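# Geometric and topological summary
Below, each chain spelled out in residue letters.
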Amino acid sequence: MGSNKPPQIMEVVKLQIPCPRSVNGIGLEPDPDWSFRTLLSELDALEKKLNISSSVPLPFTKNKSREFYGEKGTKRSSNTFVMKISDDEFEDSESENEEVHGHDRGLVKVARFNCDEIYFSGSDNDSDDKPCLEVQPYLMNEVGLVESGLHELTHEHQLGVKEEIRNAISALETDLTNESEESSSAHTKVEKYRAARREVERKFDVQYQRRIAEGLDNHLTAVQRHHELKSQIEERRIRNDAAHEEAKRREKALQEERLRQEKAKAEAEAKLKAEEANRIALEAKRIAEKEAAEKEAAKAPKAPTSEVPQTAALRGPNATSSGSLIAQSKGSENDKTNKSQSAGNMLRAAESALNLERERLQKLKELEGINQSLRSSSNEDFGSTERHIARLIRQIRGTKDNVTTKATELVKIFNNPRCPQAISIASFAKKMVSHCESPDNAPFACGHVIILVTSQFPQAMDLLVAELQRACIYTVPKHISYSKSAFDSKEAYWKVLGYREDDGKIESKKDYLKRLESYMRLYGALVQTEVAGRQNIHGLKEGWAWLARFLNALPANIYTAVALNAFLQTAGFALYRKYKSQFMKLLNIVSENFLNALRSQEDPELRPITADIQSYLEDKKFLLEPEGRTLQDSLLSSVMVPDATDSDYRAPSFYQHSRNYY
């Protein structure tokens, strides 16, 4: 192998014989009996001296004596090296003829073996590595063809051995490298496996801890729910006891009122007997005038039999105290039912009602446009204000303190300069209308809040009524009849009536009737609400006009029946208190015309609602104040009232008016 150090130049070593080289042409040696082994040993000693004297290690160092082999691989003898030359060979060698010219051809000539072609090198490729010795020593003189061939064979054998050694070393290095790589790969796999196992164990540990935490949380939640359930049960028991006591008190009050009425009735009967004669005379006179009026009416075109006489329907209870109603009566006399011949009488409504609806919806549309421009031009988010308004409306309950508090907070929001008043009012109207669909809504309490707010912001009333009329057409009142020529399908007709569509599916008739009743109960509660010191700009006058327009224009069907019943249940008591006999006349029209029209249809679906309206008229429920109309002073369990957003909480039962006709 070659060394990284630069090779040193070694001097030429030449064997000198201490005696003459030849005598008479014959070569002489000091020891003519030298053997080949002796020559090899002397060469070995010489190489050792050279190695000792040189600071750079020679390319190879011999550690075994030289041994030469024959052509067939047999070991040569160590006798004296003698070369014999025949006569023929002597003639062919010109160089040797000059050397032995003039001597006998039969003599044997001894020549020294010279290896001037051999040099020591650390590499087989002369082009890649420099020889370690630039000056090659001549150990012997030139030899003949046989020794040269022998030397070549020996050299080739050495090269082959070296090549085998290199191949073996290369194979060992390759195997070692492969084993090292395999060991590194195995070590890497083991480390990865350990890391994966640690990660899996960590995940298992985290999952186990999470399960423990979830179990603890579930346990605590169950305990909390148990305590809440117990508190709700206790609260319900207290509320039921209070309701029971209140029922007893009311029953007692009713009994006292009944006794008082019986006493007053007895006194009235005595007076009636005295006035009976006068009344009979007046009745005869009235009948005569009526017959005359009927004869005059028979000459004119006959009006629809179901139409309410406008003067009688809209006239107040007496002539001295109903100036405003007389004016309304004059205006209502011009109301005409919108019966377009081209539309096949689909739209049924009073013309005045349609005009009012159109004006209110126009105001609402203009307000929405203003709000849209305000939102686009402002960088502030008004969603928090809208959510606050919705939360306040959801928390409305049937107590005086609650109603006053919520109305005051809503007024503060309207006066807040950070949010435009138009956006606050629009949100109030929309959230109030949508809240009436909730099962825990309190329509009478909501009516009080609306009056308290709109008395300070009158423009909010028209917007709220517009939102209500857009959500339910029967608050106008108006009805749209089905026509195959006008509607592509029943679904299109239902959408016009107000049915909702969810994921391409129209809501059921039952759900629609529930929403219709909720809207009408809110509208009825609104028109009959009276707050001391505050003006209801959409009060009983509008409720009276609604009932008159309803009976004049709308047909009798399941939708109009539900709307009428819900309105009478909430506003009938207040209408009777104000209009007395005039309201009774409208109820007679309901009984004689509207209910008969429902019965004539012989539809099993109409029987429950027909029975409900008939029960209201026959039992004179308009004489009884509806539950929830009068606000309570406070809740007995006001401290433990759950938040309105709690899905498990439901309002007291008198806020819920269940029906069995849908």
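Owing to the predicted nature of the structure, the values given are computational and were not obtained by experimental measurement.

### So, the packing of aromatic side chains
Under the counting rule described, the total for this entry stands at 18 aromatic pairs. Centroid distance Tyr482 to Phe487: 6.2 Å. Interplanar angle 15°. Geometry classified as stacked. Residue classification places Tyr482 among the partly exposed positions, given a relative accessible area of 30%. Residue classification places Phe487 among the buried positions, given a relative accessible area of 11%. A ring pair is formed by Trp494 and Tyr499, whose centres lie 5.8 Å apart and whose planes are at 35°; its orientation type is tilted.

### Section: the pattern of salt bridges
Scanning the model with the defined rule gives 20 salt bridges in all. The salt bridge involving Asp462 is made with Lys363; its shortest N-O contact spans 3.0 Å. Highlighted residues: Asp462 in helix H12 (residues 459-471) and Lys363 in helix H7 (residues 351-377), separated in sequence by 99 residues. Judged by its relative accessible area of 41%, Lys363 falls in the partly exposed class. The partner of Glu507 in a salt bridge is Arg515, and the shortest N-O contact between them spans 2.5 Å. The exposure class assigned to Glu507 is buried, which follows from its relative accessible area of 16%. On the accessibility criterion, Arg515 (9% relative accessible area) is buried. A single network of salt bridges, built from pairs that share partners, joins Glu234, Arg237 and Asp241.

### Thoughts on the side chain of Asn557
With respect to the element layout, Asn557 can be found in the loop between helix H15 (540-553) and helix H16 (558-579). Engagement of the side chain of Asn557 in a polar contact is seen with the side chain of His479, the distance being 3.2 Å. Setting aside chain neighbours within four positions, we find Asn557 in contact with His479, Leu598, Gln601 and Leu606.

### Digging into a positive patch on the surface
A cluster of basic side chains, namely Arg387, Arg391, Arg394, Lys430 and Lys431, defines a positive patch on the protein surface. For the positive patch, the secondary-structure elements that each account for two or more residues are helix H8 (383-394) and helix H10 (421-435). Here the positive patch gets three residues from one element, more than from any other, and that element is H8. Within the secondary structure, Arg394 is located in helix H8. For Arg394, a relative accessible area of 32% corresponds to the partly exposed category.

### A closer look at the UniProt feature "transmembrane region" (unreviewed entry) in the chain
As recorded in UniProt, the feature "transmembrane region" (unreviewed entry) lies at residues 558-576. Structurally, residues 558-576 comprises 100% helix and 0% strand, and the distance from its first C-alpha atom to its last is 25 Å.

### So, helix H14 (residues 509-528)
Note on helix geometry: an α-helix contains 3.6 residues per turn, so any two residues three or four positions apart are oriented the same way. Between the first and last C-alpha of H14 there are 29 Å, a value that for 20 residues agrees with the 28 Å anticipated at 1.5 Å per step. The buried count for H14 comes to 16 of 20 residues, which makes it a mostly enclosed element.

Conventions used here
Residues numbered from 1 in each chain as written. Predicted model: local features only at pLDDT ≥ 70, side-chain atom pairs only at ≥ 80, totals over all residues. Heavy atoms only, no water. Phe/Tyr/Trp six-rings, centres within 6.5 Å; stacked < 30°, edge-to-face > 60°. Buried < 20%, exposed > 50% of the residue type's maximum accessible area, 1.4 Å probe, protein only. Salt bridge = Lys/Arg side-chain N within 4 Å of Asp/Glu carboxyl O. Helix = DSSP H or I, 4+ residues; strand = E, 2+ residues; numbered from the N terminus. Polar contact = N/O pair within 3.5 Å; in protein donor to acceptor, adjacent residues only side chain to side chain. Contact = heavy atoms within 4.5 Å. Patch = residues over 30% accessible without salt bridge, like charges linked within 9 Å, V, L, I, M, F, W, Y side chains within 5 Å. Areas by Shrake-Rupley, 256 points an atom, 1.4 Å probe, with all protein chains shown as cover. Lys, Arg positive; Asp, Glu negative; His and termini not counted. Charge placed at Lys NZ, Arg CZ, Asp CG, Glu CD. UniProt positions renumbered as here; feature names shortened; annotations may be inferred. Expected span 1.5 Å × (residues − 1).

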